[in-house]
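Architecture at a glance
Read off the chains here:
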Amino acid sequence: MKLRWLIPVAVLIPLHLSASDTPVGARVATVTINPKEVTVLRLRPEFESTIRMPEEITSVILGSPGDFKAEHNEGEPEYVYVKPIVKEAAQSNLLIATKSGQHVTLELVSDGASAPNPTQPVDFLIEYRTARSFLISADSGSLAMRSVPAREPERSLSSGNTRLGLAPLSSLDEAFKQQETVNAPKWTRWDDKQIETSICDIRQLSNQTMISYSILNSSNEPIEIVPPQIQITGRKATKKKKKEGKGIISDQLEIRDYRLSTTRLEPGERADGVVVFDRPNFKESTEKLFLQIAQADQVDRPILIHLPFTPPISGDGK
């Protein structure tokens, strides 16, 4: 009888020691919402991280759904759950917008299941607070924050800026200021939509494309819009995916930066925006590029504006 009990004990002891050799550190932080910063979220396969916003979430946009999974449901309107779905190292971006028009941007980083430093902490929970609450825990400093170029203050674009020692505006900020000065854009109406759109300029910067556009609320009610996205569609799915009911699939391209004058539009009000994204070096003949614009309450029914794959150096108003 003693021999029968000693054998399983001898097997379990080394297994227990092996599991305890690589503990996972957990981090919990409270962060103030700042649209000009990017929060780096450290993830690891087989672990799920939670993001809590201070109010109802209206849209969740994930850059790489093939590497990560982001879940949000109406039963828990303030929560988003994120985890890697591949064991290899992966990176992507995640954008979350709320009911009042606030948004946060996160950089998702997973070192993979076989990372050389498995003891690196995993961000189990990030709780966002508005700037008015002044609730910032001492923990929040452990989260990596990366600044996004902020919009320059209003000033003349004359050569006097150089003499005064002010930095010149970036190409994106110059395009944004120019878009705001367009008096009468050529609006495009969309069936069953409360907004009209106008693409005013498309230009190519190396392998990046910059688009200037405007949105008009032509309805009698206030609306909210979410940040822009770029979609490439037309690629044929594999046979396995065809069995699921769709033969054509689409992907979201990474957005490098954007400007948007407002996310809330009163009746008759206009919003101006500029978006810069990484254009692929090539595509299949059936694939097409689209600028995706959506209302916060209709993110599943966005407006898709067809874009040229090879834009001019400086496009005319359209």
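What comes next is a walk through the structure.

Relative to the helices and strands, Asn93 is located in strand β7 (residues 90–98). Of the residues examined, Asn93 reaches a relative accessible area of 29% and is grouped as partly exposed. When the C-alpha positions of Asn93 and Val38 are compared, they lie 9.4 Å apart, and in sequence the two are 55 residues distant. When near neighbours in sequence (up to four residues on either side) are disregarded, Asn93 contacts Ile61, Leu62, Gly63 and Leu106.

Looking now at the sheet that holds strand β1 (residues 26–32). As summarised here, the arrangement of the five strands in space is β1-β9-β3-β6-β5, forming an open sheet in which the pairing is mixed. On the outer flanks of this sheet lie β1 and β5 (68–71), each paired with one strand and no other. The mean angle between the axes of side-by-side strands here comes to 15°, regardless of whether they run parallel or antiparallel. Sheet topology note: the strand β3 (residues 49–52)/strand β9 (residues 122–129) ladder contains three bridges and is parallel. Each residue of the ladder has a partner; that of Arg52, found in β9, is Glu127.

This part is about the environment of Gly63. Relative to the assigned elements, Gly63 resides in the loop between β4 (57–62) and β5. By relative accessible area, Gly63 is classed as partly exposed at 24%. For the pair Gly63 and Leu108, spaced 45 residues apart in sequence, the C-alpha separation works out to 9.5 Å.

Moving on to the pattern of salt bridges. Overall, the coordinates contain 15 salt bridges when judged by the stated rule. Among the salt bridges present, the one from Glu46 reaches Lys87, with a minimum N-O distance of 3.3 Å. Linking Glu46 in the loop between β2 (37–43) and β3 with Lys87 in the loop between β6 (79–84) and β7, this pair joins segments that are 41 residues apart in sequence. Judged on exposure class, the residue Glu46 and its partner Lys87 are both exposed. Put simply, Glu127 and Arg52 hold a salt bridge, and the shortest N to O gap is 3.3 Å. One end of the pair, Glu127, is in strand β9; the other, Arg52, is in strand β3, with 75 residues separating them in the sequence. Per residue, the accessibility class of Glu127 equals that of Arg52, and both read buried. Connected through shared salt-bridge partners, Arg52, Glu78, Glu127 and Arg129 make up one network.

In this section: the pairing of strand β12 (residues 208–217). Among the ten residues of β12, nine are classified as buried, and the element is accordingly described as predominantly covered. Counting the residues that bridge the hairpin from strand β11 (residues 195–205) to β12 gives two residues, and of these Ser206 lies at a positive phi of roughly 55°.

In terms of nonpolar packing, the biggest core is built from 27 residues, with Ile211, Tyr213, Ile230, Phe277, Leu289, Leu291 and Leu307 touching the most fellow members. For Ile230, the residues in contact, after removing those within four places along its chain, are Ile211, Asp251, Gln252, Leu253, Ile255, Phe277, Leu289, Phe290, Leu291 and Leu307. Judged by nonpolar contacts, the second largest core, of 20 residues, contains Leu62, Val82, Val86 and Tyr128.

A few words on the side chain of Glu127. What makes Glu127 buried here is its relative accessible area of 16%. At 3.3 Å, the side chain of Glu127 and the side chain of Arg52 are in polar contact. Not counting residues up to four positions away in its chain, the partners in contact with Glu127 are Ala29, Thr30, Val31 and Arg52.

Quick look at the sheet that holds strand β16 (residues 255–260) now. Here we have four strands laid out as an open sheet, ordered β11-β12-β18-β16, and antiparallel in their pairing. Of all strands in the sheet, those with a lone pairing partner are β11 and β16, marking the two edges. Looking at each pair of strands side by side, their axes are set apart by 15° on average, direction ignored. Here β12 pairs with strand β18 (residues 270–278) via nine bridges, running antiparallel. Its bridge partner being in β18, Ser214 is matched across the sheet by Asp272. Contacts between helix α3 (residues 171–180) and the sheet are confined to β11, β12, β16 and β18, with β18 contributing the most and set at about 155° to the helix.

Here β1 runs beside β9; their pairing, made up of seven bridges, is parallel. Note that in β9 the partner of Ala26 across the bridge is Val122.

Under the definition given, this model contains two aromatic pairs. Taking 6.2 Å as the distance between ring centres and 5° as the angle between the ring planes, the aromatic pair formed by Tyr79 and Tyr81 counts as stacked. Assessed through its relative accessible area of 17%, Tyr81 is described here as buried. If you follow Lys283 out to its NZ or CZ, it ends over the ring of Phe309, 5.6 Å from the centre.

Parameters at a glance
- Residues numbered from 1 in each chain as written.
- Predicted model: local features only at pLDDT ≥ 70, side-chain atom pairs only at ≥ 80, totals over all residues.
- Heavy atoms only, no water.
- Helix = DSSP H or I, 4+ residues; strand = E, 2+ residues; numbered from the N terminus.
- Buried < 20%, exposed > 50% of the residue type's maximum accessible area, 1.4 Å probe, protein only.
- Contact = heavy atoms within 4.5 Å.
- Pairing = 2+ DSSP bridges.
- Axes fitted to C-alpha atoms, helices over the stretch in contact; angles between N-to-C directions.
- Salt bridge = Lys/Arg side-chain N within 4 Å of Asp/Glu carboxyl O.
- Core = buried A, V, L, I, M, F, W, Y, C linked by side-chain atoms within 4.5 Å.
- Polar contact = N/O pair within 3.5 Å; in protein donor to acceptor, adjacent residues only side chain to side chain.
- Phe/Tyr/Trp six-rings, centres within 6.5 Å; stacked < 30°, edge-to-face > 60°.
- Lys NZ or Arg CZ within 6 Å of the ring centre and 35° of its normal.

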